[in-house]
Amino acid sequence: MIVTGAAQGIGQATAEAFAEAGARVFAVDIKGEAVKRAVAGLARPSLHHARRYDLRDIAGLGGLVEEASESLGNLWALAHVAGTLKRQPLDEVGEEEWDLQLDVDLKAGFFLCRAFGQALVAGGRGGRIVNFSSPGFIRGTRLGAHAYVAAKGGVVSMSRDFARWYGPHGITVNTLLPGPIDTPMQHTDNTEEVVAAGVAACPLGRLGQPEEVASVVVFLASDHASYISGAAISVTGGALMY
Ligand SMILES: NC(=O)c1ccc[n+]([C@@H]2O[C@H](COP(=O)([O-])OP(=O)(O)OC[C@H]3O[C@@H](n4cnc5c(N)ncnc54)[C@H](O)[C@@H]3O)[C@@H](O)[C@H]2O)c1
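To start, this report covers the structure provided alongside it.

What counts, and where the lines are drawn
- Residues numbered from 1 in each chain as written.
- Predicted model: local features only at pLDDT ≥ 70, side-chain atom pairs only at ≥ 80, totals over all residues.
- Heavy atoms only, no water.
- Near = heavy atom within 4 Å.
- Polar contact = N/O pair within 3.5 Å; in protein donor to acceptor, adjacent residues only side chain to side chain.
- Areas by Shrake-Rupley, 256 points an atom, 1.4 Å probe, with all protein chains shown as cover.
- Helix = DSSP H or I, 4+ residues; strand = E, 2+ residues; numbered from the N terminus.
- Buried < 20%, exposed > 50% of the residue type's maximum accessible area, 1.4 Å probe, protein only.
- Pairing = 2+ DSSP bridges.
- Right-handed = clockwise from strand over helix to strand, strands pointing away.
- Contact = heavy atoms within 4.5 Å.
- Salt bridge = Lys/Arg side-chain N within 4 Å of Asp/Glu carboxyl O.
- Core = buried A, V, L, I, M, F, W, Y, C linked by side-chain atoms within 4.5 Å.
- Expected span 1.5 Å × (residues − 1).
- Arc of directions from axis to C-beta.

## A short note on the site of the ligand
Next, step 1: Near the ligand, the surroundings consist of 29 residues, among which Ile 10, Asp 29, Tyr 148, Ile 181 and Thr 183 are the closest.
Next, step 2: In this structure, Met 185 approaches the ligand through a main-chain N or O atom, which is 3.5 Å from an oxygen atom.
Next, step 3: Within the side chain of Gln 186, an N or O atom sits 3.0 Å from an oxygen atom of the ligand.
Next, step 4: Contact with the protein chains hides 94% of the accessible area of the ligand, taken as 830 Å² for the molecule alone.
Next, step 5: The dominant element in the shell around the ligand, judged by the number of residues it contributes, is helix α7 (residues 184–187), at 3 residues.

This is the structure:
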């Protein structure tokens with residue numbers, strides 16, 4: 001399994017859940033030391049691989065997938081969890097922030113999923129891709145995440161397009177809409193009042209834990225989810241119903 005954003009938060013929990021389920025993990029993150037530590041903490045750590053990589057390096061993504069294939073012995077699932085969020089008032093969003101959000105949260109995923117999809121097609125055994133969007137893709141943001149939600153809307157459209165393209169090869173492509181989840185991103189540039197407002201808007205009345213999202217990724221990568229593709233799945237404790 002390839003897991004991006006595996007150094008912390010939902011990506012780290014996903015790597016842990018895959019390792020617990022007996023899978024080998026190729027863990028990718030821009031935070032090199034942190035992803036090494038995360039892999040050292042997985043079940044049977046010697047089976048897994050930590051790789052520092054900035055997913056904005058588009059030209060190298062094909063090579064990254066090849067490296068993962070060699071490291072794992074074969075490819076089955078990509079959990080593309082990595083993302084970044086810069087919160088700021090709408091009127092302050094500049095071109096630089098727009099480019100950062102779109103480059104990390106949309107462009108990198110497009111080329112990574114395509115490289116992974118090509119490798120799965122060549123392998124001929126099917127496979128799974130799980131991408132990460134946000135409830136903000138449907139409802140917009142109250143939280144200063146304007147360019148971020150624009151990118152996350154693109155993630156859903158892209159994933160549905162890829163689901164059509166790769167479906168005939170036995171490859172499913174789905175998107176998760178998590179939140180509010182108790183991770184570093186939840187608390188970055190955020191106030192406790194805003195976090196509390198997110199909790200208040202959630203029928204379960206609490207933040208979700210990263211493990212509660214990771215388990216859905218493992219389900220989507222398993223045989224139990226063989227007929228689910230093109231779905232955008234709310235993992236929000238009921239905060240997003242649609
Ligand atoms: N936490 C939430 O409530 C929430 C809500 C909605 C959507 N999401 C989405 O879920 C996913 C995981 O979120 P999280 O809360 O665990 O985030 P997080 O910030 O805790 O972790 C994200 C990880 O991605 C890595 N990353 C960022 N840019 C990278 C790059 N260019 N190359 C490689 N790695 C990079 C970071 O280093 C980090 O380890 C993200 O896509 C996020 O947008 C989270």
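Structure shown, so let's carry the discussion forward.
## Regarding the environment of Glu 95
Next, step 1: Counting through the fold element by element, Glu 95 comes out in helix α4 (residues 95–123).
Next, step 2: Residue Glu 95 is classed as exposed on the basis of its relative accessible area, which comes to 64%.
Next, step 3: Taking the C-alpha atoms as reference points, Glu 95 and Ala 147, separated by 52 residues in sequence, lie 9.9 Å from one another.

## Looking at the pairing of strand β2 (residues 26–29)
Next, step 1: Side chains Phe 26 and Val 28 project from β2 onto one buried face, and the interleaved Ala 27 and Asp 29 project onto a second face that is buried too.
Next, step 2: Of the strand pairs in this sheet, β2 and strand β3 (residues 49–52) are connected by 4 bridges, and their pairing is parallel. Looking at the pairing, Ala 27 lines up with Ala 50 of β3.
Next, step 3: Running through helix α2 (residues 32–40), the crossover from β2 to the neighbouring parallel element β3 is right-handed.

## Regarding the side chain of Thr 14
Next, step 1: Its location among the elements puts Thr 14 in helix α1 (residues 9–20).
Next, step 2: A polar side-chain atom of Thr 14 sits 2.7 Å from the main-chain carbonyl oxygen of Ile 10.
Next, step 3: With residues near it in sequence (within four places) discarded, Thr 14 still touches Val 3, Ala 79, Val 81, Ala 214 and Val 217.

## Re the pattern of salt bridges
Next, step 1: Evaluated as defined, the whole model comprises 5 salt bridges.
Next, step 2: The closest approach of N and O atoms between Arg 206 and Glu 212, which form a salt bridge, is 2.8 Å.
Next, step 3: Residue Arg 206 is classed as partly exposed on the basis of its relative accessible area of 36%.

## Re the nonpolar core
Looking at soluble globular proteins, one finds that nonpolar side chains tend to be buried together.
Next, step 1: Val 3, Phe 18, Val 25, Phe 132, Leu 176, Val 213 and Val 217 are the most contacted members of the largest nonpolar core, which has 29 residues in total.
Next, step 2: Among the elements of the structure, α1, α2, β4 (77–80), β5 (127–132) and α9 (210–221) are those that each provide at least two residues to this core.
Next, step 3: For this core, the element with the highest residue contribution is α9, accounting for 5 residues.
Next, step 4: Excluding residues within four positions of it along the chain, Phe 18 makes contact with Met 1, Val 3, Ala 23, Val 25, Ala 79, Val 217, Val 218 and Ala 221.
Next, step 5: Among the nonpolar cores identified, the runner-up in size contains 26 residues, and Leu 61, Leu 72, Ala 108 and Phe 162 belong to it.

## Here's the deal with helix α3 (residues 61–72)
Next, step 1: Counted at 1.5 Å a residue, the expected span for α3 with its 12 residues is 16 Å, and the 16 Å between its end C-alpha atoms agrees.
Next, step 2: Of all the positions in α3, only Leu 61, Leu 64, Val 65, Ala 68 and Leu 72 are classed as buried. Each buried residue of α3 sits inside an arc of 100° when the element is viewed along its axis, so together they form one side. Residues Glu 66 and Glu 70 are exposed on α3 and point more than 90 degrees away from its buried face.
Next, step 3: Elements in contact with the buried residues of α3: β1 (2–4), β2, β3 and α4.
Next, step 4: Looking at the residues trailing α3, positive phi occurs at Gly 73, about 95°.

## Overview of α2
Next, step 1: For α2, the full list of buried residues reads Gly 32, Ala 34, Val 35, Ala 38 and Val 39. Relative to the axis of α2, the buried residues are bounded by an arc of 165° and lie together on one face. Facing away from the buried side of α2, by more than 90 degrees, are the exposed residues Glu 33, Lys 36, Arg 37 and Ala 40.
Next, step 2: Tucked into the core, α2 has its buried residues touching α1, β2 and β3.

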